[in-house]
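Each chain, letter by letter, is given below.
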Amino acid sequence: MVRTYWLISYAYFLTISVLYVASLVIFGSVIGLKYFRLNTYSIQFVFYFIYLNLQIALSFLVSSIFSKVKTVTVVAYIIVYGSGLLGSFLFQKMLETQSFPEEWIVALELYPGFSLYRGLYEFSQYASRGSGMKWQDISDSGMGEVLCIMSIEWFLALIIAFYIDQVFSSGKHPFFFLNPSKKSSSIPSKPTVQRMDSKKVSIDMGKIDVSQEREKVQQLRNEGSAGHAILCDNLKKVYPGRDGNPPKMAVRGLYLDVPSGECFGMLGPNGAGKTSFISMMTGLLKPSSGTALVQGLDICKDMNKVYTSMGVCPQHDLLWETLTGREHLLFYGRLKNFKGSALTHAVEESLKSVSLFDGGVGDKPAGNYSGGMKRRLSVAISLIGNPKVVYLDEPSTGLDPASRKNLWDVIQRAKQNTAIILTTHSMEEAEFLCDRLGIFVDGALQCIGNSKELKSRYGGSYVFTMTTSSEHEEDVERLVSTVSPNAKKVYHLAGTQKFELPKNEVRIAEVFRAVEKAKSNFTVFAWGLADTTLEDVFIKVAKSAQAFISLS
Ligand SMILES: Nc1ncnc2c1ncn2[C@@H]1O[C@H](COP(=O)(O)OP(=O)(O)OP(=O)(O)O)[C@@H](O)[C@H]1O
């Protein structure tokens with residue numbers, strides 16, 4: 001899939017560039033410029049064609065260094081204009097100085113900007129002499145060495161770009177070409193990983209559900225779990241320390257089994273490591289150690305095969321501003337091997353499912369979409385082609401309530417034959433969509449189970465809230481202590497008090513009776529009794545994990 005993307009991009013840029021240069025040559029010839037008319041057209045074609053290929057290959061090579069289009073645009077303009085200025089004020093002088101050593105000229109031509117300048121310079125020299133450059137002039141003119149240098153550089157740039165893509169994007173070993181059998185073995189844990197493991201073990205001891213998940217994964221691994229949708233086996237990610245900071249352990253040995261048909265919700269505070277986990281699963285980051293199997297395929301060895309059955313909705317929309325929603329879906333549909341009427345049908349269904357069909361919205365450029373529309377398109381892209389595993393990183397961020405509900409229905413329908421891992425900060429979304437949930441803090445799962453299990457395990461209390469005038473606050477405290485002697489006050493602001501009442505000592509009927517009695521003694525503005533919410537569980541688990549981590 002990645003290879004297809006690069007091939008399409010390469011062909012696109014080459015076609016555009018060739019058309020541009022061809023128009024320039026045709027236009028120049030039509031208006032009678034000797035520069036274009038006198039030099040043999042086939043030499044011009046070969047020269048421009050090789051240079052354009054070199055330029056595209058170099059762009060692919062340096063694209064991994066830049067992450068922002070604006071930065072690369074500015075840098076590219078500076079390089080192009082800088083090379084032009086240096087060429088005319090410096091390089092041309094050297095070419096015209098007879099005593100300047102030829103080897104130095106060749107060395108300077110290794111820089112593609114100067115080899116382009118040399119070729120153009122030679123064309124202009126031959127044109128001004130009135131003869132124009134012919135094939136027999138190639139070796140005398142310096143054009144021969146320019147063509148040689150550019151061809152070799154084009155070839156090298158392609159190989160290096162391919163190597164970088166294989167090592168950094170596809171997670172292969174840096175020396176994968178030397179020993180194919182070991183090309184993708186996972187990297188052994190670094191000392192820092194080992195050191196931090198002891199801490200993890202101590203945290204894990206109290207988490208029976210997390211330990212059970214680990215045992216399940218280990219058992220499935222021993223049995224040879226080819227059929228399981230997602231199986232994470234001791235997956236770790238450590239970011240190297242920078243600027244004097246110690247290494248950051250973003251994911252500390254995750255064990256997780258997500259079968260097909262399940263939506264697993266990964267909850268966690270900011271910086272817990274959810275995105276790092278998804279980035280490893282989607283091949284954007286290489287695990288520091290451990291691995292995961294997707295449909296039995298190892299993400300460290302077979303990521304290219306994993307891509308064919310995977311859908312991703314990243315946290316930040318990755319869309320082309322100039323392509324329409326339909327074109328995006330056609331593109332990704334083709335990558336998933338959809339063709340002809342099946343592709344058209346899948347795209348239409350997809351647009352309808354995320355409400356981008358009516359009114360021709362799907363045929364407008366994505367650059368004109370609102371944030372919510374872009375988000376819906378990203379989710380549609382992740383689901384097109386019925387992938388076997390889907391990762392949704394905060395899919396409903398920025399959506400209005402109606403669109404969010406619509407999106408939830410789409411995700412629920414997609415769940416039938418798919419394993420979904422979803423990260424979210426919305427407890428409502430997690431409860432609605434997820435069959436199982438895990439709360440992730442500081443790179444480790446703190447608990448795992450369905451929302452009912454988590455509530456009964458971590459939320460053994462009711463929440464009682466009452467609002468009165470300030471002078472009756474003590475009366476409220478007395479009322480609460482009569483119905484629940486071990487009640488704990490958790491919140492107090494301007495007459496509004498909130499208490500946690502242990503479930504094992506509270507009878508709901510008694511609470512109602514006590515409140516009715518209290519109402520006859522003082523004015524109660526508002527009151528309420530609620531079961532623990534998932535949000536309470538989340539806050540409790542996250543707080544206690546963070547307290548434990550800071551203590552240890
Ligand atoms: N490239 C990086 N280099 C160093 N540290 C990083 C890098 N990327 C992330 N981190 C750190 O790793 C930790 C986990 O980050 P991550 O983005 O995975 O968290 P998250 O749970 O997705 O957060 P959020 O909910 O805010 O998206 C954070 O402490 C973050 O600062």
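The rules behind these values
Residues numbered from 1 in each chain as written. Predicted model: local features only at pLDDT ≥ 70, side-chain atom pairs only at ≥ 80, totals over all residues. Helix = DSSP H or I, 4+ residues; strand = E, 2+ residues; numbered from the N terminus. Buried ≥ 20, exposed ≤ 12 C-beta atoms within 10 Å, placed from the backbone. Axes fitted to C-alpha atoms, helices over the stretch in contact; angles between N-to-C directions. Parallel < 35°, antiparallel > 145°, perpendicular 65-115°, else oblique. Left-handed = near helix turned anticlockwise from the far one by under 90°. Contact = placed C-beta atoms within 7 Å. Nonpolar A, V, L, I, M, F, W, Y, C, P; charged D, E, K, R; others polar. Pairing = 2+ DSSP bridges. Right-handed = clockwise from strand over helix to strand, strands pointing away. UniProt positions renumbered as here; feature names shortened; annotations may be inferred. Near = placed C-beta within 6 Å. Core = buried A, V, L, I, M, F, W, Y, C linked by C-beta atoms within 7 Å. pLDDT = per-residue confidence, 0-100.

*Asks:* Explain the overall build of the protein chain to me, please; I cannot follow it from the model alone.
*Replies:* Per the secondary structure count, the protein chain includes 21 helices and 14 strands. Sorting the 552 residues of the protein chain into buried and exposed places 36% on the buried side.

*Asks:* How should I be thinking about the packing of helix 19 (residues 473–483) against helix 20 (residues 508–521) in this particular structure?
*Replies:* Between two packed helices, the angle of one axis relative to the other and the distance separating the axes together describe the packing. Relative orientation of the contacting elements helix 19 and helix 20 amounts to 155°, with a least axis distance of 10 Å. By the criterion of interaxial angle, the relationship of helix 19 to helix 20 is roughly antiparallel. In this structure, the crossing between helix 19 and helix 20 has a hand that is right-handed. For the pair formed by helix 19 and helix 20, the contact residues are Asp475, Leu479, Thr482 and Val483 on the first element and Glu510, Val511, Ala514, Ala518 and Asn521 on the second. Of the residues in the contact of helix 19 with helix 20, the class split is five nonpolar, two polar and two charged.

*Asks:* What is the right way to look at the sheet that holds strand 6 (residues 310–313) in this model?
*Replies:* Pairing between the strands of a sheet comes from backbone hydrogen bonds, and it takes one of two forms, parallel or antiparallel. Reading across from one edge, 6-7-8-3-9-10 is the order of the six strands in this open sheet, with mixed pairing throughout. Strands with a single pairing partner mark the edges of an open sheet, and in this sheet they are strand 6 and strand 10 (444–449). Taken over all neighbouring pairs, the strand axes of this sheet differ in orientation by 15° on average, direction set aside. The pairing of strand 3 (residues 263–267) with strand 9 (residues 436–441) spans four bridges and is parallel. Residue leucine 267 lies in a different strand from strand 9, and its bridge partner there is isoleucine 439. Seen against the sheet, helix 15 (residues 371–383) touches strand 6 and strand 7 (389–393) and runs at an angle of roughly 170° to strand 6.

*Asks:* Explain unusual backbone geometry here, please?
*Replies:* Both trends apply: most residues other than glycine have a negative phi, and most peptide bonds are in trans. Non-glycine residue glutamine 295 carries a positive phi angle of around 55°. Note that glutamine 295 resides in the loop between strand 4 (289–294) and strand 5 (297–298). The class for glutamine 295 is buried, based on 20 C-beta atoms found within 10 Å. Its identity as a non-glycine residue notwithstanding, alanine 494 has a phi of 45°, on the positive side. Turning to its location among the elements, alanine 494 is positioned in the loop between strand 12 (488–493) and strand 13 (496–502).

*Asks:* Where do I start with the sheet that holds strand 13 in this structure?
*Replies:* In spatial order, the strands read 12-13-11-14; together these four strands make up an open sheet with antiparallel pairing. Looking at strand neighbours, the two that pair on one side only are strand 12 and strand 14 (524–530), the edges of this open sheet. Between one strand axis and the next, the sheet turns by 15° as a mean value, whatever way the strands run. When strand 11 (residues 461–468) meets strand 14, the two strands line up antiparallel, connected through six bridges. Within the sheet, the bridge partner assigned to phenylalanine 464 lies in strand 14 and is leucine 529. Of the strands in this sheet, strand 11 and strand 13 are in contact with helix 19, which crosses strand 11 at around 155°. Sheet strands in contact with helix 20 are strand 11 and strand 14, and its direction is about 175° off that of strand 14.

*Asks:* How do you make sense of the pairing of strand 7 when you look at a structure like this?
*Replies:* Regular strands show a simple pattern: their side chains alternate between the two faces of the sheet. In terms of burial, strand 7 is largely enclosed, as five of its five residues are buried. Both faces of strand 7 are covered, namely the face carrying Val389, Tyr391 and Asp393 and the face carrying Val390 and Leu392. Where strand 7 and strand 8 (residues 419–423) come together, five bridges link them in parallel fashion. When the sheet's bridge partners are listed, valine 389 is paired in strand 8 with alanine 419. After leaving strand 7, the chain enters helix 16 (residues 401–414) and then returns to the sheet as strand 8, a path that is right-handed.

*Asks:* Before we go on, may I ask you to explain the UniProt feature "transmembrane region" (unreviewed entry) in the protein chain in this structure?
*Replies:* Following the UniProt record, one finds the feature "transmembrane region" (unreviewed entry) at residues 12–33, 45–66, 72–91 and 143–164. Secondary structure content for residues 12–33 is 86% helix and 0% strand, while the C-alpha to C-alpha distance between its ends is 29 Å. The span residues 143–164 is 100% helix and 0% strand, and its two end C-alpha atoms sit 31 Å from each other.

*Asks:* Is there a simple way to think about the packing of helix 13 (residues 325–335) against helix 14 (residues 340–353) in this case?
*Replies:* Packing of helix 13 against helix 14 leaves a shortest axis separation of 10 Å and a crossing angle of 130°. As summarised for this structure, helix 13 and helix 14 are arranged oblique, according to the angle between their axes. The element helix 13 and its partner helix 14 pack so that their crossing is right-handed. Mapping the contact onto sequence places Gly325, Arg326, Leu329, Leu330, Gly333 and Arg334 in helix 13 and Leu343, Ala346, Val347, Ser350 and Leu351 in helix 14. For the contact of helix 13 with helix 14, the class distribution of residues is six nonpolar, three polar and two charged.

*Asks:* In this structure, what is going on with the site of the ligand? I would like to understand it.
*Replies:* Neighbouring residues of the ligand: Tyr239, Lys248, Ala250, Gly268, Asn270, Gly271, Ala272, Gly273, Lys274, Thr275 and Ser276. Elements with a minimum of two residues in the shell around the ligand: strand 2 (248–258) and helix 11 (274–281). Looking at the shell around the ligand, the element that brings in the most residues is helix 11, giving three residues. Residue composition of the shell around the ligand, by class: three nonpolar, six polar and two charged.

*Asks:* Would you mind going over the nonpolar core with me for this structure?
*Replies:* Burial of nonpolar side chains together is a common tendency in soluble globular proteins. Grouped together as the largest cluster of nonpolar side chains are 83 residues, with contacts concentrated most on Ile230, Ala292, Ala380 and Ile420. Top contributing element to this core by residue count: strand 2, with seven residues. Setting aside residues no more than four positions away along its own chain, alanine 292 makes contact with Ile230, Leu231, Cys232, Asp233, Leu235, Met281 and Ile299. Listed in part, the 24 residues of the second largest apolar core include Phe47, Tyr117, Met143 and Ile149.

*Asks:* Honestly, the pairing of strand 2 in this entry has me stumped. Any pointers?
*Replies:* Of all eleven residues making up strand 2, ten are buried, and the element is well covered by its neighbours. The sheet contact formed by strand 1 (residues 230–239) and strand 2 spans eight bridges and is antiparallel. What sits directly across from lysine 237, in strand 2, is valine 251.

*Asks:* Just checking my understanding: could you explain the confidence of the model for the protein chain for this structure?
*Replies:* Predicted coordinates in areas of low pLDDT are best not read in detail. Per-residue confidence for the protein chain averages 85 on the pLDDT scale, and 91% of its residues sit at or above 70. Segment residues 180–205 is flagged for pLDDT under 50; beyond a separation of four residues in sequence, or across chains, it makes 43 contacts in the model. Interface predicted TM-score (ipTM) for the complex: 0.95; the corresponding pTM is 0.64.

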